[in-house]
2 protein chains.
Amino acid sequence: MSGAPEGAVEILVCVKCRQGQPAGDADVLPGARLHDALAGQNLPANIRLIPVECLSNCTAGVTIALRGPGRWTYVYGNLDAATDAPVIVDGATKYRDAPDGLVPWRARPDHFRKNCIARIPPLEAPE
Amino acid sequence: MSGAPEGAVEILVCVKCRQGQPAGDADVLPGARLHDALAGQNLPANIRLIPVECLSNCTAGVTIALRGPGRWTYVYGNLDAATDAPVIVDGATKYRDAPDGLVPWRARPDHFRKNCIARIPPLEAPE
């Protein structure tokens, strides 16, 4: 995809996450497993999946961030690579559909309500 | 200040942080106290102090974020309003001086090394 279409959002996945466990050389890391599970989800329009190397939430991984231009950025943790890909797609779709990224509390997936690590307001446009 | 000069960075401070404590109506919240302490620090050039209402790191406040265009964003927690303003100014100055926001580990203030809550890569410019 070249450039980000208006309204597009990103799911950043920390693909180096070991979820607090040592990993043998042959293991696929939990973060990479979550990325692969999301890649198999047939993501809705205007949601881009992006692997990143460390979101520095190592004590509460697996970790993702949702972000997009003009939106609040949200970091979510404690994700399960085996089961949480559909939850993330649900939450990311609601995030995409909220122009400022602020999804009403009751509309958020239960895991997102309980495992928000941090959020950051959008950069203000220069005056 | 109108607009953000090139190379400028922001310290976002969660001014609603109660640091896990109930607060009486007359109390100044810990987050607001940290903001006020930073406001009294005579900040170096191109570092802007911005109060925000919630960075959603409520279990490990007081919380700040450092960010700037084209830079990694960092969230730091467990800050002490009474003592940590100079630490934050030191860390923010090093962050300002690193073009991508990536300050070498050994150069970071000790508190930043031990209390990084999350980091988020810069938005890529559209291709």
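Residues numbered from 1 in each chain as written. Chains lettered and ligands numbered in written order. Predicted model: local features only at pLDDT ≥ 70, side-chain atom pairs only at ≥ 80, totals over all residues. Heavy atoms only, no water.

Trainee: I keep staring at the sheet that holds strand β2 (residues 47–52) of chain B and nothing clicks. Help me out?
Mentor: Residue and element names in this part refer to chain B. Read across the open sheet, the 5 strands follow the order β2-β1-β3-β4-β5; overall the sheet is mixed. Taken across any chain shown, the strands that pair with only one partner, and hence form the sheet edges, are β2 and β5 (116–120). Taking the axes of each pair of neighbouring strands and ignoring which way they run, one obtains an average angle of 20 degrees across the sheet. As judged from the 6 bridges shared by strand β1 (residues 9–14) and β2, these two strands associate in the parallel manner. Residue pairing for β2: E10 is matched across the bridge by R48. In this fold helix α1 (residues 30–39) packs onto β1, β2 and β3 (64–67), with an angle of close to 145 degrees to the strand it touches most, β1. (Pairing = 2+ DSSP bridges. Helix = DSSP H or I, 4+ residues; strand = E, 2+ residues; numbered from the N terminus. Axes fitted to C-alpha atoms, helices over the stretch in contact; angles between N-to-C directions. Contact = heavy atoms within 4.5 Å.)

Trainee: Looking at this model, I keep getting lost on the side chain of T73(B). Mind explaining?
Mentor: Looking at the secondary structure, you find T73(B) in strand β4 (residues 73–76). Assessed through its relative accessible area of 12%, T73(B) is described here as buried. (Buried < 20%, exposed > 50% of the residue type's maximum accessible area, 1.4 Å probe, protein only.)

Trainee: Just checking my understanding: could you explain the packing of α1(B) against helix α2 (residues 85–97) of chain B for this structure?
Mentor: Axis angle and axis distance: for two packed helices, these are the angle between their axes and the distance between the axes, and together they describe the pair. All names here are of chain B. Contact pair α1 / α2: the axes reach a minimum separation of 9 Å and the direction vectors enclose 65 degrees. In terms of crossing hand, the pair formed by α1 and α2 is right-handed. Contacts from L34, A37 and L38 in α1 reach A85, I88 and V89 in α2. (Left-handed = near helix turned anticlockwise from the far one by under 90°.)

Trainee: Which parts of the structure should I look at to understand the state of the cysteines?
Mentor: The bond known as a disulfide is covalent and runs between the sulfur atoms of two cysteines. Residues and elements named next belong to chain A. Scanning the model with the defined rule gives 0 disulfides over all chains in all. For C14, which is in no disulfide, the shortest distance to another cysteine sulfur is to C54 and amounts to 4.8 Å. Note on C14: relative accessible area 7%, which makes it buried. The thiol of C17 is unpaired, and the distance to the nearest cysteine sulfur, on C14, comes to 5.4 Å. Take C17: its relative accessible area is 7%, and that puts it in the buried class. (Disulfide = S-S within 2.5 Å.)

Trainee: Help me understand the environment of V87(A), please; the structure alone is not making it clear to me.
Mentor: Mapped onto the secondary structure, V87(A) falls in helix α2 (residues 85–97). Sequence separation of V87(A) and R108(A) is 21 residues, and the distance between their C-alpha atoms is 9.7 Å.

Trainee: Where do I start with the sheet that holds strand β5 (residues 116–120) of chain A in this structure?
Mentor: Sheet strands associate in pairs through backbone hydrogen bonding, adopting either a parallel or an antiparallel arrangement. All names here are of chain A. Spatially, β2-β1-β3-β4-β5 is the arrangement adopted by the 5 strands of the open sheet, whose pairing is mixed. Sheet topology places β2 (47–52) and β5 at the edges, where each strand pairs with a single neighbour. Across this sheet, the average inter-strand angle for adjacent strands is 20 degrees, counted without regard to direction. On the sheet, helix α1 (residues 30–39) packs against β1 (9–14), β2 and β3 (64–67) and is oriented at approximately 145 degrees with respect to β1.

Trainee: I keep staring at the packing of aromatic side chains and nothing clicks. Help me out?
Mentor: Within the structure shown, the criterion is met by 6 aromatic pairs over all chains. Look at Y76(A) and F112(A): their rings are 3.8 Å apart centre to centre, the planes differ by 15 degrees, and that puts the pair in the stacked class. A residue pair is termed long-range when its members are at least 10 positions apart, and Y76(A) in strand β4 (residues 73–76) and F112(A) in helix α3 (residues 110–114) qualify at 36 residues. Here Y76(A) matches F112(A) in class, with each residue buried. Ring centres of Y74(B) and Y95(B) lie 6.5 Å apart, and the angle between their planes is 85 degrees; this geometry places the pair in the edge-to-face category. Of this pair, Y74(B) sits in strand β4 while Y95(B) sits in helix α2, and the two are 21 residues apart along the sequence. Taking the relative accessible area as the measure of exposure, Y74(B) reaches 1% and is therefore buried. Note that R119(B) overlies the ring of W72(B), its terminal NZ or CZ placed 3.9 Å from the centroid. (Phe/Tyr/Trp six-rings, centres within 6.5 Å; stacked < 30°, edge-to-face > 60°. Lys NZ or Arg CZ within 6 Å of the ring centre and 35° of its normal.)

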